[in-house]
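This is what each chain is made of:
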Amino acid sequence: MTRNELKKIRVIDSHTGGEPTRVIIEGGPDLGTGPLKERLEQFRFDFDRYRSAVANEPRGSDPVVGALLCPPSNSNCTAAVIFFNNVGYLGMCGHGTIGLVATLAYMGRLEQGEHLIETPVGIVTASLHDDGSVSFVNVPCYRRAKGVTVGVPGLGPVTGDVAWGGNWFFLAEAESVPLEPDNIGHLADLCRRIRAAVNAHGFPEVDHIELFGPPRGARADSRNYVLCPGGAYDRSPCGTGTCAKLACLAADGKLAEGVPWVQESIIGSLFTGRYCRNGDQILPSITGSAYISAEATLVLDENDPFCWGIR
Ligand code: PYC
């Protein structure tokens, strides 16, 4: 390959409560305009190396969530997006949706007000507010199983709920380890073992583990630690994880419709969530803020042994 044949991918980076989102605005794979679920499968099977090149080292890092901006198949939608990470693809991503809306606003492609965004798991309604914060109403969320007890090697029994918040979560109280930044390594190890036990217990779809403890800040109702599928922890309070939490609180009658729930992340960033009922499920809405951190052109040189990322 000559130097003239370098591939270039334009991205805009942001962070939402500390959690990075990298939106591909040009140079990503062309997946056409079919149903977004089918485009995701095409991304996975034919272009997965692009995911790795963008999200993994040496250009990315474990916590990076990538967002491939696509033309919507539904003409009512402002945009369509496929979220991905260091190991695969996400159905929805809450912090990523907030980052995407902030990015589109930064690019002048979206104004204040409501916008429909197509994701592989359904359409979400995002609102850009006049102070720059963003809210989104997620796809319907629900608790699938309450009080599931799994035996975790080296820890003993752990009891929690399985819930859908746009991704699959196992949610439990953090009983043995305080949710403090100093314990992040320990929490990652613990949550990996919990996830293996939950998967083996009949919930192979669960790829996020969320532990809860008392908040540190006066404004928050709860603090969490979230292990993401690729082993990184979510720096934000996790949008889909907060939706899963709201589904559990609603199912237990512990939070009424419309009442705010402030979720704090392990690094102290905040999302405010509330929900309204939707039959047996809930429609959660989450509010947070994202900040643009970079505009960049990624360069892919096939002569580079790590051109497609360190997998
Ligand atoms: O905010 O939904 C979220 C999320 C999922 C994984 C990382 N962040």
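If you're wondering where the values come from, they're calculated on a predicted model, not measured in any experiment.

Draft legend 1. Quick peek at helix H3 (residues 94–106). Over its 13 residues, H3 extends 18 Å from the first C-alpha to the last, a length consistent with the 18 Å expected when each residue adds 1.5 Å. The buried fraction of H3 is high, at 11 of 13 residues. If you check which residues of H3 are buried, you get Gly-94, His-95, Gly-96, Thr-97, Ile-98, Gly-99, Leu-100, Val-101, Ala-102, Thr-103 and Leu-104. One or two positions beyond H3, positive phi appears at Gly-108, with a value near 75°.

Draft legend 2. Molecular detail of unusual backbone geometry. Note the cis peptide between Glu-57 and Pro-58, where omega equals 10°. For Pro-58, the position within the fold is in the loop between helix H2 (48–55) and strand S3 (65–70).

Draft legend 3. Spatial organisation of the nonpolar core. Membership of the largest hydrophobic core comes to 66 residues, with the highest contact counts inside it found for Phe-170, Ile-194, Leu-211 and Tyr-225. It is helix H4 (residues 184–200) that contributes the most residues to this core, 8 residues altogether. Those residues within four positions of Leu-211 in sequence are excluded, and the remaining contacts are Ala-172, Glu-173, Ala-174, Leu-179, Leu-187, Leu-190, Cys-191, Ile-194, Arg-223, Asn-224 and Tyr-225. By size, the runner-up hydrophobic cluster in this structure holds 21 residues, among which are Ala-80, Leu-298, Cys-307 and Trp-308.

Draft legend 4. Focus on the site of the ligand. The immediate surroundings of the ligand are formed by Glu-19, Cys-93, Gly-94, His-95, His-208, Cys-228, Asp-234, Cys-238, Gly-239 and Thr-240. Between an oxygen atom of the ligand and a main-chain N or O atom of Gly-239, the distance comes to 2.7 Å. Contact distances for the ligand include 2.7 Å between an oxygen atom and a side-chain N or O atom of Thr-240. Burial of the ligand by the protein chains amounts to 99% of its free accessible area of 240 Å². Those elements that place two or more of their residues in the shell around the ligand are H3 and helix H5 (239–251). Here the residues of the shell around the ligand are counted per class, giving 3 nonpolar, 5 polar and 2 charged.

Cut-offs used in this document
- Each residue is numbered by its place in its chain's sequence as written, counting from 1.
- Only residues with pLDDT of at least 70 get local features here, since the model is predicted, and only at 80 or more are side-chain atom pairs given and counted; chain-wide, interface and lining totals rely on the full set of residues.
- Note that the side-chain values use all heavy atoms of the structure and ignore hydrogens as well as water.
- Strands here mean DSSP runs of E at least two residues long; helices mean DSSP runs of H or I at least four residues long; both are numbered from the N terminus.
- Helix span, as expected, comes to 1.5 Å for every residue beyond the first.
- Summary of the burial criterion: residues with accessible area below 20% of their type's maximum are buried, those above 50% are exposed, and those between are partly exposed, where the area comes from a 1.4 Å probe applied to protein chains only.
- We define a nonpolar core as any set of buried Ala, Val, Leu, Ile, Met, Phe, Trp, Tyr and Cys residues linked to one another through side-chain atoms lying within 4.5 Å.
- Pairs of residues are marked as contacts when any of their non-hydrogen atoms sit within 4.5 Å.
- Note on terminology: near, applied to a residue and a molecule or strand, indicates that one of the residue's heavy atoms is within 4 Å of it.
- The definition of a polar contact used here is a pair of N or O atoms within 3.5 Å, where within protein one atom must be able to donate a hydrogen and the other to accept one, and adjacent residues in sequence count solely through side-chain atom pairs.
- Accessible surface is estimated by sampling points in the Shrake-Rupley manner with a 1.4 Å probe; for residues, cover comes only from the protein chains shown.
- Three classes are used: nonpolar for Ala, Val, Leu, Ile, Met, Phe, Trp, Tyr, Cys and Pro, charged for Asp, Glu, Lys and Arg, and polar for all others, with Gly counted as polar.

Scope: geometric values only; no functional claims are made or implied.
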